[in-house]
Amino acid sequence: MKSFSSRRAQAIVVAIAAGSLALTGCSENKGTNTGENSKKDQKEAQVQSKAVTYADAAGSTGPAEEIAGAQSGGTITVYQEAGLSHLDPGQTYVSDAGQVANLLFRRLTQFKEDDKGNVSVVGDMATDSGKSSDGGKTWTFTLKDGVKDAKGNVITSADVRHSVERLYAKFIFDGPTYLQTWLSGADYRKALPDGGFGKKHLPKSVLDTPDDKTVVFHFDQPRPDLPQTLAMAGYAIVPAKDDTKEKYDKAPVATGPYKVQSYKNGKSLVLVKNTNWDAKTDSVRHQYVDGFNFQFGVTESTQTKRLIADQGDDKNAIQLTGGVEATQIQDVIKNPSANKRTVKGYQPYVMQLTFNMDRVKNLKVRQAVAYAVNSKSLIAGEGGVYGGDVAPNYFAPTLPGYEAKYDPYGRLKTPQGNIAKAKELLKDVPASEKKVVFAYGNSENGQKRKVAIEDALTKVGFNVVSKEVDAASYYEQIGKLNNPYDMYITGWGQDWPSASTVVTPIYDGDQVADGAPNYSHVKDPKVDALIKKALTQQPTEAAKTWKEAQHYLLEKVLPAAPLWYTKQFQLSGSNVGGARYGSVSSLIDINHLFLKKS
């Protein structure tokens, strides 16, 4: 999952992001101590690395359990600095779009979280989390009765098939690719070039819809994680009748409790109730408020000031993927009224300085950067101990197989950077290779990161040329194979508790393509072989292989320099009820909100 470019979750994104849902530590209103003890925080985060459970039909039946004290009515204001990356479900792999997708779209399965942070996979549009057969190679889903889209059309198996097949089309380039590659291999687009929009469809031996209610997936090997995969926002259902291809990104048809009333890209998004959503069919979502008013272009510093002041409409406001601005964190901590309105927790994202290995081919250059970067300075810009911890490697504390002491570049001992070691590595490197182009997002956080990177690399002899990139399309720009940058900060978190959802998406040679998350363009035969080996092993053996892959990548290849593990620290208005840290989104749980007074 990508961490969002502000990037306290996308997102890549990404969280990505966002944003694409990741499982991470859960903590709710735990007071002023959260963030002050990194070892304690990481220990709590590791508790969240346990596997989710799969629910049966009883656990998947709606309506969702009522939230204590919940009221109906009113509109929640949502602040966000950058505009949304996408609204098309198939393009959603960043946490900003993922948060919005929770309100707009349903999928076959969905993650459900209880008040103790326990997470299960339930049937969303399906009656349960799926039934496997043939040793896990075949999965069957039955659709619930009464599920409609916002236009009143009943969702059928044909819509599910269409939602899968459209992912093969070339205009879908920014979402997850697990399902497509599992069904049709790394070159999956060749299996259905027109994305099912013509007369050709995937064969029944791959995807079968024997009647309006039944969907059957056939794989060439066991896929025990399929229910978790299908719960990702990127696999939400797109009604076949209303698919406008590229235009769908601007005006999608909702299946969730809310629908789009108006959307001005980069400026505003207004969601109102979807009257065709039936709470009886949904065991996860609620429809307490009348709508959500998203305001883009509001900096984190402005968001924080407004929410601390807590006046007028700001009493009804939340932050989407942004957090409390770093310089104002102590203002929140020392203000009892504001501090009790915070949600805090460990995220699954590892922020790293990723190298474009098509351009930065000299391993010594990459190693020098890895030693030079100043994690301490970068984390200070994120809010210090409330914003993150030094990352010595690629695996976050929320991930099974996390090694707290594995630190090949001495990040824990010298978080401010090892200047002498970096200079030593660079002494015989030609001046032409010391000129590096660094891409950064044009957000407040992006500016802070730019300063920290420039300062650290300049000290050891690099000539840094910084290039500003639009924050909303940041991952899209660096995701182009022929991008003009040498390095860029990226964030990636697990899609579910498995190292397969970290190593495979960002280091598999088959993921070197436009829009794919292998942002370093690493294509190493040994890495690819280890990935293939791990994917066929049982969890215990696979964990050893994933560990071997990480060690080889960090020590022999170095596609990225690990920087920091992220934490979230968000603030909401005093009239917002149900605010809690979501283990699924690693952000405020947007499905759990209401207004105390409408």
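Nothing here was measured: the structure is a model prediction, and the numbers come from that model. (Residues numbered from 1 in each chain as written. Predicted model: local features only at pLDDT ≥ 70, side-chain atom pairs only at ≥ 80, totals over all residues. Heavy atoms only, no water.)

Student: I keep staring at the overall build of the protein chain and nothing clicks. Help me out?
Tutor: Counting its secondary structure elements, the protein chain contains 16 helices and 20 strands. Taking 2.2 N^0.38 as the reference for a compact globule, 598 residues should give roughly 25 Å; the C-alpha atoms of the protein chain span a radius of gyration of 23 Å, in line with that estimate. In terms of principal-axis extent, the alpha carbons of the protein chain reach across some 70 × 55 × 40 Å. Buried positions account for 64% of the 598 residues belonging to the protein chain. For the protein chain, the exposed area adds up to about 21,500 Å²; of that, 49% sits on carbon and sulfur atoms. One finds the centroid of the 74 positive side-chain charges in the protein chain at a distance of 3 Å from the centroid of its 66 negative side-chain charges. (Helix = DSSP H or I, 4+ residues; strand = E, 2+ residues; numbered from the N terminus. Rg over C-alpha atoms; globule rule 2.2 N^0.38 Å. Buried < 20%, exposed > 50% of the residue type's maximum accessible area, 1.4 Å probe, protein only. Areas by Shrake-Rupley, 256 points an atom, 1.4 Å probe, with all protein chains shown as cover. Lys, Arg positive; Asp, Glu negative; His and termini not counted. Charge placed at Lys NZ, Arg CZ, Asp CG, Glu CD.)

Student: For this particular structure, what's the right way to read unusual backbone geometry?
Tutor: In terms of backbone geometry, most residues other than glycine have negative phi values and most peptide bonds are trans. In the segment running from G62 into P63, the intervening peptide bond is cis, with an omega of 0 degrees. One can find P63 in the loop between β1 (53-54) and β2 (75-80). In this structure, D134 takes a positive phi of about 55 degrees despite not being glycine. Along the chain, the position of D134 falls in the loop between β5 (131-133) and β6 (138-142). Look at D134 and you get exposed, because its relative accessible area is 52%. Of note in this structure, K245 is not a glycine but carries a positive phi near 55 degrees.

Student: Sorry if this is basic, but what is going on with the layout of surface pockets here?
Tutor: Empty pockets left among the atoms are what a rolling probe the size of a water molecule brings to light. By volume, the second largest pocket is sized at about 490 Å³. Contributing to the lining of the second largest pocket are 30 residues, with K112, E113, D114, R580 and H592 lying nearest its centre. Residue assignment for the lining of the second largest pocket shows that the elements contributing at least two residues are α2 (95-104), β3 (109-113) and β4 (119-123). With four residues, the top contributor of residues to the lining of the second largest pocket is β3. (1 Å grid on protein atoms, 1.4 Å probe; cavity = no way out; pocket = protein on both sides within 12 Å on 5 of 7 lines; lining within 4 Å. Points joined across faces, edges and corners; volume = space filled by probe spheres on them.)

Student: Help me out: how do you make sense of the sheet that holds strand β9 (residues 258-264) in this one?
Tutor: The strands that make up a sheet pair up through hydrogen bonds in the backbone, lying either parallel or antiparallel. In spatial order, the strands read β9-β10-β11-β2-β12; together these five strands make up an open sheet with mixed pairing. With partners counted over all chains shown, the strands left at the sheet margins are β9 and β12 (317-319), one partner each. Shown here is a sheet whose adjacent strand axes are inclined to one another by a mean of 20 degrees, direction ignored. Bridging between β2 and strand β11 (residues 291-296) involves six bridges; their strand directions are parallel. Residue V78 lies in a different strand from β11, and its bridge partner there is F294. (Pairing = 2+ DSSP bridges. Axes fitted to C-alpha atoms, helices over the stretch in contact; angles between N-to-C directions.)

Student: It is not clear to me how the packing of helix α14 (residues 500-507) against helix α16 (residues 539-557) should be interpreted in this structure. Could you clarify?
Tutor: Each pair of packed helices can be summarised by the angle the axes make with each other and by the distance between the axes. One can describe the packing of α14 onto α16 by two numbers: an axis separation of 10 Å at closest approach and a directional angle of 40 degrees. Relative to α16, α14 is oriented oblique. In this structure, α14 meets α16 at a crossing whose hand is left-handed. Contacts between α14 and α16 involve S500, V503, T504 and Y507 from the first element and W546, A549 and L553 from the second. Here the contact of α14 with α16 is composed, by residue class, of five nonpolar, two polar and no charged. (Parallel < 35°, antiparallel > 145°, perpendicular 65-115°, else oblique. Left-handed = near helix turned anticlockwise from the far one by under 90°. Contact = heavy atoms within 4.5 Å. Nonpolar A, V, L, I, M, F, W, Y, C, P; charged D, E, K, R; others polar.)

Student: What exactly am I supposed to notice about the packing of aromatic side chains here?
Tutor: Aromatic ring pairs are defined here through the distance separating the ring centres and the angle between the ring planes. Within the structure shown, the criterion is met by 20 aromatic pairs. When the centroid spacing of 6.0 Å and the interplanar angle of 80 degrees are considered together, the rings of F141 and F217 count as edge-to-face. Of this pair, F141 sits in strand β6 while F217 sits in strand β8 (residues 214-218), placing them 76 residues apart in sequence. Between Y371 and Y409, the aromatic rings sit 5.2 Å apart at their centres with planes inclined by 70 degrees, giving edge-to-face as the arrangement. Remark: Y409 occurs in the loop between β14 (388-390) and α11 (419-426) and Y371 occurs in helix α9 (residues 363-372); sequence separation between them is 38 residues. Y371 gets classed as buried once you look at its relative accessible area, which sits at 15%. Under the relative-accessibility criterion, Y409 is labelled buried at 5%. Lying across the ring of Y248, R166 places its NZ or CZ 5.3 Å from the centre. One Lys or Arg, K245, reaches over the ring of F197 and ends 4.8 Å from the middle of that ring. (Phe/Tyr/Trp six-rings, centres within 6.5 Å; stacked < 30°, edge-to-face > 60°. Lys NZ or Arg CZ within 6 Å of the ring centre and 35° of its normal.)

Student: Sorry, what's going on with the nonpolar core here?
Tutor: Most often, soluble globular proteins have nonpolar side chains that are buried together. Ranked by internal contacts, the top residues of the largest apolar core, which has 102 residues, are L179, F217, L226, L353, L457, F462 and I489. At seven residues, the largest contribution of residues to this core is made by α16. When near neighbours in sequence (up to four residues on either side) are disregarded, F462 contacts V365, A368, V369, L426, E433, K434, V436 and L457. Grouped together as the second largest cluster of nonpolar side chains are 34 residues, L84, Y248, F292 and F294 included. (Core = buried A, V, L, I, M, F, W, Y, C linked by side-chain atoms within 4.5 Å.)

Student: Sorry, what's going on with the environment of E325 here?
Tutor: Secondary-structure assignment places E325 in the loop between β12 and α7 (329-333). Sequence-wise, E325 and K305 are 20 residues apart; in three dimensions their C-alpha atoms are separated by 8.9 Å. Residues in contact with E325, not counting those within four places in the same chain, are E300, S301, T304, E444 and K448. One polar contact links E325 to K448, side chain to side chain, over a distance of 3.1 Å. (Polar contact = N/O pair within 3.5 Å; in protein donor to acceptor, adjacent residues only side chain to side chain.)

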